[in-house]
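One letter stands for each residue in the lines below.
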Amino acid sequence: MSPPGTGTAGHAGAIGIGVVGVGGVGRVHAERLAGSLPMTRLVAVADRDAGRAEQVAARLGARVEPDAMSLIHAPDIDAVLLATPAADHERDLLACLAAGKPVFCEKPLAPTPAACERVIDAERRALRAGRLAAGAAVLPGARLVTVGFMRRFDPAYQRMRATLSHGRLGAPLLLHAVHRNATVPAGYTPEMLILDTAVHEFDVIRWLLDDEVATVRVDRSRPSSMGPPGLIDPLVVVATTRAGVRADVEVFVRCQYGYEIRCEVVAERGVVDLVGSGGPSRPGADYHERFADAFAAELRAWVAGLAGGPPLGATAADGDAAARITAAAASSLASGSAVVVD
């Protein structure tokens, strides 16, 4: 593969990036790549909705590719950002890795642990073969896949992690988390509460505590009348880590009043939470508003890594770990029993 930028006519040295999926967060990513990030050029976009792709491309000065495969294999695309439905991730990730192109994939990495394993194996093969951005040598810590768990870049979460890592509060004992959306689109299923929503909290538990989830249990509540029949909302996920920390996560996707994220860790000598760490004290409109700074910082870190800086953000292994927790939680949702995380 040629070094980034070599196929980007008129933008010498710029990293040519293509975005697959330009609805929602994909559109916001494309806007940042086109307008506010140095070292990059938004070359092309692709989307299942051709009209949407045309509109975004025209506004941002990019071209439209007919589908993901065409975009991934285009010679002037140096790196790919995937913001597509989870069902497409494995196919598109494997294509990026076969082409030796670094890829930023919005969560989840893939819908199942088996699919995540195939992606991890493909990344290892690509790295062993020396297929790495910028023609660089394959160094320890090198990667081709970055997973979009943006909360790792939120300043309040980062302060919480720093406080816990310092050790002044002693060992963590309990974690309480809340994830509430005002509403969600039609067709949102009970499984999506786990795969698309609670997965953020699963990654936060691992990252904040530097620990792995050992067991999960999903407790059903009285469902809200604001949701369609069959949507079990809210849910509470109770997890236990290998170190014995008990974490409970409330997921409520039709709370009506706004977007609210809470997190609190109770340790031996004190408590640390998001509000006390600088996070907002009131609900917002949506995740774009609450995590705008985190999304921007995450994308800057990915681009800096493409340009030769240290790789930051969640790895494919982190994506796999989250997928294993979601798989166990989905099993518990069906059975009502605690499930051991594989």
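Our subject in this report is the structure included herewith. Along each chain, numbering runs from 1 in the same order as the chain's sequence is written. With the structure being a predicted model, the display of local features is reserved for residues of pLDDT at least 70 and the display and counting of side-chain atom pairs for 80 or more, all residues being used for whole-chain, interface and lining totals. Hydrogen atoms and water are omitted, and side-chain values are computed over all heavy atoms in the structure.

Here's the deal with the nonpolar core
Moving on, step 1. Remark: nonpolar core denotes a set of buried residues (Ala, Val, Leu, Ile, Met, Phe, Trp, Tyr, Cys) joined through side-chain atoms within 4.5 Å. Relative accessible area decides the class of each residue, using a 1.4 Å probe on protein chains only: under 20% of the type maximum gives buried, over 50% gives exposed, and in between gives partly exposed. Counting residues in each nonpolar core, the largest one holds 74 residues, and the members touching the most others are Leu33, Tyr157, Leu175, Leu208, Val216 and Trp302.
Moving on, step 2. Going along the chain from the N terminus, every DSSP run of H or I of four or more residues is numbered as a helix, and every run of E of two or more is numbered as a strand. Element by element, the count of residues in this core is highest for helix 7 (residues 190-209), at nine residues.
Moving on, step 3. In this description, contact between two residues means that some pair of their heavy atoms is separated by no more than 4.5 Å. For Val216, the contacting residues outside a window of four places in its chain are Val237, Val238, Ala239, Ile325, Ala328, Ala329, Ser332, Ser337, Ala338, Val339 and Val341.

Quick word on the sheet that holds strand 7 (residues 172-180)
For sheets, the rule is that strands pair by backbone hydrogen bonds, running either parallel or antiparallel.
Moving on, step 1. In this description, strands pair whenever DSSP reports at least two bridges between them. Pairing in this open sheet of seven strands is mixed, and the strands run 12-11-7-10-9-8-13 from one edge to the other. Among the strands making up the open sheet, the edge pair consists of strand 12 (270-273) and strand 13 (339-340).
Moving on, step 2. As judged from the four bridges shared by strand 11 (residues 260-267) and strand 12, these two strands associate in the antiparallel manner. Bridge pairing in strand 12 places Val266 opposite Val271.
Moving on, step 3. Fitted lines through C-alpha atoms give the axes, limited to the stretch in contact for helices. The angle between two N-to-C directions lies from 0 to 180 degrees. With respect to the sheet, helix 7 is in contact with strand 7, strand 8 (213-220), strand 9 (235-241), strand 10 (246-252) and strand 11, its orientation differing from that of strand 7 by roughly 150 degrees.
Moving on, step 4. Where helix 10 (residues 316-335) meets the sheet, its contacts fall on strand 8, strand 9 and strand 13, and the angle it forms with strand 8 comes to roughly 35 degrees.

A word on the packing of aromatic side chains
Moving on, step 1. Centres within 6.5 Å make a pair out of two Phe, Tyr or Trp rings, where for Trp the six-membered ring is used; the pair is then stacked when the planes are under 30 degrees apart, edge-to-face when over 60, and tilted otherwise. Counted by the stated rule, this structure contains three aromatic pairs.
Moving on, step 2. Look at Phe104 and Trp302: their rings are 5.6 Å apart centre to centre, the planes differ by 55 degrees, and that puts the pair in the tilted class. Highlighted residues: Phe104 in strand 5 (residues 103-106) and Trp302 in helix 9 (residues 292-306), separated in sequence by 198 residues.
Moving on, step 3. Taking 6.4 Å as the distance between ring centres and 85 degrees as the angle between the ring planes, the aromatic pair formed by Tyr259 and Phe291 counts as edge-to-face. Of this pair, Tyr259 sits in the loop between strand 10 and strand 11 while Phe291 sits in the loop between helix 8 (287-290) and helix 9; the two residues are 32 residues apart in sequence, bridging distant segments of the chain.
Moving on, step 4. The class of Tyr259 is buried, set by a relative accessible area of 6%.
Moving on, step 5. Given a relative accessible area of 0%, Phe291 falls into the buried group.
Moving on, step 6. Cation placement over rings: the criterion is NZ of Lys or CZ of Arg within 6 Å of the ring centroid and within 35° of the ring normal. Positioned over the ring face of Phe291 is Arg290, at 4.4 Å from the centre of the ring.

What about the sheet that holds strand 5?
Moving on, step 1. The six strands lie next to each other as 3-2-1-4-5-6, forming an open sheet whose pairing is parallel. Strands at the two margins of the open sheet, each flanked by one partner only, are strand 3 (63-64) and strand 6 (145-148).
Moving on, step 2. In the sheet, strand 4 (residues 79-82) pairs with strand 5 via three bridges, with the strands oriented parallel. Bridge assignment links Leu81 to a residue of strand 5, and that residue is Phe104.

A word on the packing of helix 7 against helix 10
Moving on, step 1. The contact between helix 7 and helix 10 brings their axes to 9 Å, and the two run at 130 degrees. Here helix 7 lies oblique to helix 10, going by the angle between them. As for the relative orientation of helix 7 and helix 10, their crossing is right-handed in sense. Between helix 7 and helix 10, the contacting residues are Pro190, Glu191, Ile194, Leu195, Val199, Phe202, Asp203 and Arg206 on the first element and Asp318, Ala321, Ala322, Ile325, Thr326, Ala329, Ala330 and Leu333 on the second.
Moving on, step 2. Lys, Arg, Asp and Glu make up the charged group, whereas Ala, Val, Leu, Ile, Met, Phe, Trp, Tyr, Cys and Pro make up the nonpolar group; the residues left over, Gly among them, are polar. Of the residues contributing to the contact of helix 7 with helix 10, the split by class is eleven nonpolar, one polar and four charged. Here is the rule for angles: anything less than 35 degrees is roughly parallel, anything more than 145 is roughly antiparallel, 65 through 115 is roughly perpendicular, and the remaining ranges are oblique. Crossing handedness is defined as follows: a turn of the near helix away from the far one that is anticlockwise and smaller than a right angle gives a left-handed crossing, while the clockwise case is right-handed.

Comments concerning the pairing of strand 8
Moving on, step 1. Bridging between strand 8 and strand 9 involves seven bridges; their strand directions are antiparallel. Its bridge partner being in strand 9, Thr215 is matched across the sheet by Thr240.
Moving on, step 2. With two bridges connecting them, strand 8 and strand 13 associate as antiparallel partners. Each residue of the ladder has a partner; that of Val216, found in strand 13, is Val339.

Some remarks on helix 5 (residues 113-128)
Moving on, step 1. Expected helix span is given by 1.5 Å per residue-to-residue step, counting one fewer step than there are residues. Taking 1.5 Å per residue, 16 residues should reach 22 Å; helix 5 reaches 22 Å between its end C-alpha atoms and fits that length.
Moving on, step 2. Taken residue by residue, helix 5 has Pro113, Ala115, Cys116, Val119, Ile120, Ala122, Glu123, Ala126 and Leu127 as its buried positions.
Moving on, step 3. The elements touched by buried residues of helix 5 are helix 4 (86-98), strand 6 and helix 10.

Considering the pattern of salt bridges
Moving on, step 1. For this document, the term salt bridge refers to a Lys or Arg side-chain nitrogen within 4 Å of an Asp or Glu carboxyl oxygen. All told, the structure shown has 23 salt bridges when counted by the stated rule.
Moving on, step 2. Measuring nitrogen to oxygen at the nearest pair gives 2.7 Å for the salt bridge that ties Arg48 to Asp88. Here Arg48, found in the loop between strand 2 (40-46) and helix 2 (50-60), pairs with Asp88, found in helix 4; they are 40 residues apart in sequence, far enough to count as distant.
Moving on, step 3. We classify Arg48 as exposed; its relative accessible area is 67%.
Moving on, step 4. Across the pair Arg246 and Asp248 runs a salt bridge whose closest N-O atoms are separated by 3.1 Å.

Points about the environment of Lys101
Moving on, step 1. Examined against the element boundaries, Lys101 turns out to sit in the loop between helix 4 and strand 5.
Moving on, step 2. Among the residues examined, Lys101 registers a relative accessible area of 6% and is labelled buried.
Moving on, step 3. Counting along the chain gives 24 residues from Lys101 to Ile77, while the straight-line C-alpha distance between them is 8.3 Å.

A word on the environment of Val340
Moving on, step 1. For Val340, the location among the structural elements is in strand 13.
Moving on, step 2. Residues Val340 and Ala214, 126 residues apart in the sequence, show an inter-C-alpha distance of 6.0 Å.
Moving on, step 3. The residues touching Val340, leaving out its near neighbours within four places in the chain, are Ala214, Thr215 and Ala328.

By themselves these figures say nothing about function.
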